[in-house]
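Structural features, examined
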Amino acid sequence: MTRVFLSLAVLLGLAGTATAQAPAGVPAMKPPLAAPGAAGVAAKPGEPRTITWEALVPADWDPFKDFKGIDFQMLDDGDPRANEWLKKMRQAWDDAPVNPALVGQVVRIPGFVVPLEDSKEGLKEFLLVPYFGACIHSPPPPANQIIHVLPNPPVKGVRSMDTVWISGKLTTGKTDTYMGASSYRIEATQVAPYKEPAR
Amino acid sequence: MLEIRDLHYAWPGAGGECLAIERLDIAAGRAVFLHGPSGCGKSTLLGLMAGVLVAPRGQVRLLGQDWAALRGGTRDARRAEHVGVIFQQFNLLPYVSVADNVLLPCRFSAARARRCAGGPVVAAQALLQRVALPPSLWPRRADALSVGQQQRVAAARALIGRPGLVIADEPTSALDAALRDDFMALLLEECRAGGSTLVFVSHDERLAARFDERLSLPALNRAAALS
Amino acid sequence: MTALLQIAARSAWNRRGTLALVVLSIALATALLIGLERLRNDIRGSFTQSVSGTDLIVGARTGPVQLMLYAVFRVGGATNNISMDGVRAVAAHRAVAWTVPIALGDSHRGHPVLGTTAGYFEHFAYGDRQPLVLAQGRAFSGTLDGLYEAVLGAEVAQRLGYRLGQRITLTHGLRAAGGDAGGELAAEHADKPFTVVGVLARTGTPVDRTVHVSLQAIEAIHLDWAGGAPLPGVSIAAEHARKFSLEPRQVTAALVGLKNRVAVFNVQRFVAEYEAEPLLAVLPGVALDELWAAVGLGERALLAMSGLVALVSLASLVAVVLAGLNERRRELAVLRAVGAGPRHVLALLAAEGALVTLSGAMLGAAAAAGAVLAAGPWVQQRFGITLQATAPTVEQWALFGAVLLAGMLASLVPGWRAYRLSLADGLTPRT
């Protein structure tokens, strides 16, 4: 009757490991998260449709149309007109419209989290943005590249700039708002961590 | 009750065998005095009889069952059911009460508990009375008793549930003369009353008078003869 | 085997003198582990609860965490103020729904004083979008008639025993609660006492320990002051103060609410690019996460240390039991005689160790809970953090279970030794 037992205590499990995260404010702009499959892949009925961020932009919107034909070679450095055009472009981004084809659909999209409302039960509201560091050090994304997410139920353990997949029905926010017509909203039924697909 | 055939035992690391017994039979209900000087293998033989040690060669059968044929856990259970042991001293768990000490074997064997007339607690109390231990001492811790009292409690513990075999290893060596005789009388009578076989080991031949049988270990032990 | 457990319990109790120290050290380790986890949990919960529904906080360009800490939690000091012009510029942005400027810097008997507008009581929310509620009285009017009106947080009113109508004076600067040393060193605004007109209901946030007055009142009490001390020879009586312009020119920070939360980046960028002065706008949620990330390293270090303490205490358990094994060999022989096997002996020793660990762990958990209860009021009063005397969380149970498990495993060491001894000794230990 032989039983072999190890001696000495095992390490105690550490409760709650904070996930390491890159410091906020890193200026590097990573490419938008890749969603497998092209935009508009028809999913099985009842399942959310996986989309990319490009799909959120209506096909006929071109913020650059005013700038075609301007020859930037002709300008001197520091020409105030360059700044003017930049401001105009930013204005165009602020008024970016939503894509009506997608409104009302149940979609699935990956993105970075910007927390808005946290509570004991978990994160109740956050913004989903397409790239890392969309807070201070990069130009803010245009209006149709930000999604106001209300997870139901609230999600725990998600921190600023974490990458997640969200699934839910895409709706639009109130119309009498700052952002031109309206902006995207999702009451997410599912929030899951994002893993880089193997390249 | 007990049958030993062709038993050979050597301690691991020892030079040669310490026990070699060709044949030993002890009938049920007998009181046997096993005599032998110190160091001749008495304790080893007791360990083999109780199933604590297992012989690599030969058979030691208690109630027809060879100890070696059983697995460890079954051996322990069988010992709990059929055997009572009394040591020379330090027989009791010092931090357990007298009454609970007597009950110990019944905790390790349900069959033994069932044999107790009126249940283990009642049987324990009856035995304690028969060994003349005053009831005021029953709830006390075992280490609060004198040596003589402890030996009497040990006897009660060995006898509870009427085991088939009671082994006593020099139980009176630590007692003075007056207590010794009382204890001997007590032990013999209780074994006879319960129908248990008693194997009493000692180096003191003067105690042999009251026993049914006298055996000499050196005579039985071929290994002793050869060494 | 209840019989074995009973014997193990009695055996351990029998040696309680030696084992008491081991129990205490295990208790200490458990108390550290569970207490730290409790603190961590409660602090995070408290901070998260402290602000809700505010989209941005605008202040001087210090750092996001620092701005959050002093604007919301009244912890630390502002290194710089911002101008009301800046606040007005932000308010004029087309995405902004409301702004509430706030001014910090004074205190009353250790409690921070917050100068703000009436909009604070309307727009500020905590927890789960819960608005501030007045338990007694009303908010200050913010007009010149009710210049010296104050609204107290629940903790202030309770601790200092203030009721409606109480007259209080404010102190310049922030002083710790205990150092109520008056006399010449106290820079009191003694000539301009305030009247308590309202008491807020308890929120469990730093609001509870704050005294709220209007921005104009802050200006009024500093009219005849300069650089933190009253101007010598200049004294403006309380009722004359309103004749002066009391519009604030500088504030500490401003809380901002947007019409649509999606616009938050644009407003943030607008604030960052504001040319007239260096401003900073932070999202509270993001700043908090930054804080936790920074603090997280320290937390892990503390947790690791507590884990080490636990290991040490369990090692001492093993050592004590092992040291006592030799004397117990006859005891083990007795057990063999009555029908115990070597595995029972192992189980007995392991059970003893497990029982010692269990008592230590329970004692430690109780001590942690007790410490939280005892320290709760002081922490609430000093930092505005609510320590909850609630049921243990999953993480705390996990820690408790981990200590128990480790103790059981550690007890297998003397158990194994006893097993070997018992096998070798049989009925006749050679001691």
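Residues numbered from 1 in each chain as written. Chains lettered and ligands numbered in written order. Predicted model: local features only at pLDDT ≥ 70, side-chain atom pairs only at ≥ 80, totals over all residues.

1. Considering the overall build of chain B
Secondary structure assignment for chain B yields 9 helices and 9 strands. By principal-axis analysis of the C-alpha atoms, chain B measures approximately 55 × 40 × 30 Å. Per-residue burial for chain B yields a buried fraction of 46% across its 227 residues. If you take every contact in chain B between residues at least 6 apart in sequence, the share linking residues at least 24 apart comes to 75%. (Helix = DSSP H or I, 4+ residues; strand = E, 2+ residues; numbered from the N terminus. Buried ≥ 20, exposed ≤ 12 C-beta atoms within 10 Å, placed from the backbone. Contact = placed C-beta atoms within 7 Å.)

2. Some remarks on the overall build of chain C
From N to C terminus, chain C includes 12 helices and 17 strands. On C-alpha atoms alone, chain C measures out to a radius of gyration of 31 Å, which is more than a quarter above the 22 Å that the 2.2 N^0.38 rule sets for 431 residues. Along the first, second and third principal axes, the C-alpha set of chain C runs to 105 × 50 × 35 Å. Among the 431 residues that make up chain C, the fraction classed as buried is 49%. (Rg over C-alpha atoms; globule rule 2.2 N^0.38 Å.)

3. A look at the sheet that holds strand β4 (residues 57-62) of chain B
All names here are of chain B. Judged by pairing direction, the sheet is antiparallel, and its 4 strands sit side by side in the order β2-β1-β4-β5 without closing on themselves. At either end of the open sheet lies a strand with only one pairing partner, and these are β2 (19-26) and β5 (65-66). Where helix α1 (residues 42-49) meets the sheet, it contacts β1 (2-9), β2 and β4, and its direction lies at approximately 125° from that of β1. (Pairing = 2+ DSSP bridges. Axes fitted to C-alpha atoms, helices over the stretch in contact; angles between N-to-C directions.)

4. A closer look at the domain arrangement of chain C
Residue and element names in this part refer to chain C. Structurally, chain C comprises domain 1 (2-47 + 295-425) and domain 2 (56-282). When each unit is reduced to the centre of its C-alpha atoms, the spacing between domain 1 and domain 2 is 49 Å. Facing 6 residues of domain 1, the contacting portion of domain 2 comprises 11 residues. Of the residues belonging to the side of domain 1 that touches domain 2, the class tally is 1 nonpolar, 4 polar and 1 charged. (Domains from an automatic or database assignment. Nonpolar A, V, L, I, M, F, W, Y, C, P; charged D, E, K, R; others polar.)

5. Here we look at the sheet that holds strand β6 (residues 83-86) of chain B
Residues and elements named next belong to chain B. Strands sit in the order β6-β7-β8-β3-β9 across an open sheet of 5 strands; the sheet is parallel. In this open sheet, the two edge strands, each paired with only one partner strand, are β6 and β9 (213-216). Direction aside, neighbouring strands of the sheet carry axes that sit 20° apart on average. Of the strand pairs in this sheet, strand β3 (residues 31-35) and strand β8 (residues 197-202) are connected by 5 bridges, and their pairing is parallel. Considered in β8, the bridge of histidine 35 is made with serine 202.

6. Structural notes on the environment of Leu147(C)
Residue and element names in this part refer to chain C. Along the polypeptide, leucine 147 turns up in the loop between β7 (134-137) and β8 (149-152). Residue leucine 147 is classed as buried on the basis of its 23 C-beta neighbours within 10 Å. Between the C-alpha atoms of leucine 147 and phenylalanine 194, which are 47 residues apart in sequence, the distance is 8.5 Å. Residues within four places of leucine 147 in sequence aside, it is in contact with Gln216, Ala217, Ala220, Ala241 and Arg242.

7. Let's talk about unusual backbone geometry
Geometrically, the link from Asn152(A) to Pro153(A) is a cis peptide bond, its omega value of 10° lying close to zero. Within the fold, Pro153(A) resides in the loop between β4 (147-149) and β5 (163-172). With a phi close to 50°, Asp6(B) is a non-glycine residue in the positive phi region. For Asp6(B), a count of 12 C-beta atoms within 10 Å puts it in the exposed group.

8. A short note on the nonpolar core
Ranked by internal contacts, the top residues of the largest apolar core, which has 114 residues, are Val102(B) and Ile167(B). What Ile167(B) contacts, discounting residues up to four positions off in sequence, is Leu46(B), Met49(B), Ala50(B), Val83(B), Val85(B) and Val199(B). Core analysis: the next-biggest nonpolar cluster, separate from the first, contains 109 residues, Val114(A), Leu170(C), Val251(C) and Val256(C) among them. (Core = buried A, V, L, I, M, F, W, Y, C linked by C-beta atoms within 7 Å.)

9. Focus on the packing of helix α1 (residues 2-14) of chain C against helix α11 (residues 342-383) of chain C
Residues and elements named next belong to chain C. At a minimum axis separation of 9 Å, α1 and α11 run at an interaxial angle of 55°. Between α1 and α11, the interaxial angle falls into the category oblique. Helix-helix and strand crossings are classified by hand; for α1 and α11 the assignment is right-handed. Across the interface between the two elements, Leu4, Leu5, Ile7, Ala8, Ala9, Ser11 and Ala12 from α1 touch His344, Ala347, Leu348, Ala351, Glu352, Leu355 and Val356 from α11. (Parallel < 35°, antiparallel > 145°, perpendicular 65-115°, else oblique. Left-handed = near helix turned anticlockwise from the far one by under 90°.)

10. Concerning the environment of Arg15(C)
All names here are of chain C. Within the secondary structure, arginine 15 is located in the loop between α1 and α2 (16-49). Owing to 16 C-beta atoms within 10 Å, arginine 15 belongs among the partly exposed residues under this scheme. For the pair arginine 15 and arginine 94, spaced 79 residues apart in sequence, the C-alpha separation works out to 77 Å.

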